[in-house]
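Coordinates in review
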Amino acid sequence: QVQLVESGGGLVQAGDSLRLSCAASGRTFSSSGMGWFRQAPGKEREFVAAISWSGGGTTRYRDSTQGRFTVSRDNAKNTVYLQMNSLKPEDTAVYYCAAERHGRISSDQMEYDYWGQGTQVTVSS
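Now for a look at the structure at hand. (Residues numbered from 1 in each chain as written. Predicted model: local features only at pLDDT ≥ 70, side-chain atom pairs only at ≥ 80, totals over all residues. Heavy atoms only, no water.)

**Thoughts on the overall build of the protein chain**
Looking only at helices and strands, the protein chain has 0 helices and 11 strands in total. Listing the helices and strands of the protein chain from first to last along the sequence gives β-β-β-β-β-β-β-β-β-β-β. In terms of C-alpha radius of gyration, the protein chain reaches 13 Å, essentially the compact-globule figure of 14 Å for 125 residues. Summarising its shape, the C-alpha atoms of the protein chain cover approximately 40 × 30 × 25 Å along the three principal directions. Residues classed as buried in the protein chain amount to 42% of the 125 residues present. Within the protein chain, contacts between residues separated by at least 24 positions form 57% of all contacts whose residues are at least 6 apart in sequence. Roughly 6,300 Å² of accessible area belongs to the protein chain as shown, and the carbon and sulfur atoms make up 43% of that amount. One way to put it: in the protein chain the 13 positive side-chain charges average out to a point 4 Å from where the 12 negative ones average out. (Helix = DSSP H or I, 4+ residues; strand = E, 2+ residues; numbered from the N terminus. Rg over C-alpha atoms; globule rule 2.2 N^0.38 Å. Buried < 20%, exposed > 50% of the residue type's maximum accessible area, 1.4 Å probe, protein only. Contact = heavy atoms within 4.5 Å. Areas by Shrake-Rupley, 256 points an atom, 1.4 Å probe, with all protein chains shown as cover. Lys, Arg positive; Asp, Glu negative; His and termini not counted. Charge placed at Lys NZ, Arg CZ, Asp CG, Glu CD.)

**A short note on the side chain of T119**
The topology assignment puts T119 in strand β11 (residues 119–124). At 3.2 Å, the side chain of T119 forms a polar contact with the backbone nitrogen of G9. Other than its neighbours up to four places away in sequence, T119 contacts E6, S7, G8, G9, L20, A93, V94 and Y95. (Polar contact = N/O pair within 3.5 Å; in protein donor to acceptor, adjacent residues only side chain to side chain.)

**Comments concerning the pairing of strand β8 (residues 79–84)**
Burial within β8 is extensive, with 5 of its 6 residues counted as buried. Pairing geometry for strand β3 (residues 18–26) and β8, over 6 bridges, is antiparallel. Directly across from L20, in β8, lies its bridge partner L82. Sheet topology note: the strand β7 (residues 69–74)/β8 ladder contains 6 bridges and is antiparallel. Bridge pairing in β8 links F69 to M84. Hairpin remark: β7 followed by β8, antiparallel, with 4 residues in the connecting loop; positive phi at N78, about 50 degrees. (Pairing = 2+ DSSP bridges.)

Below you can see the structure in the form of C-alpha cells.
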C-alpha cells in the first residue's frame, strides 16, 4: 500500500503563487507515475499534471495550466511538487495527488491506484 499526503494549499490572491507537495510513503515502485488532479465544487475531477518517477522525469500537463504550472520531483525525498504561478480564480479546487504503478503519466484518473486526501486551493479576485 502507498500512502500519499498533500500539503501547501491555502487562500491566495489572483496572480500569487503556491507550491503543493505530495509525500509518498509505504511501498514504492521502480516504474510509476505521479499525477495531480483537481476538483472544484459541483464539477468533475480533472487532470492537471503528471510526472514519472523513473528516467528523466517525463511530464504531462493540462493545456490550460501549461506555462503557469510546473510539476517536479525529488526522488530522494519521495516527494513530488506542483509549482503554481499566476494563479487565477478558476484554479480554485481541491488538489489531489495520485500514484499509479506503471509509469504511464496518464491523464485518466482510472489509471491511478492510490490517492491522497487533497489540499484546498482558493484563489480570490
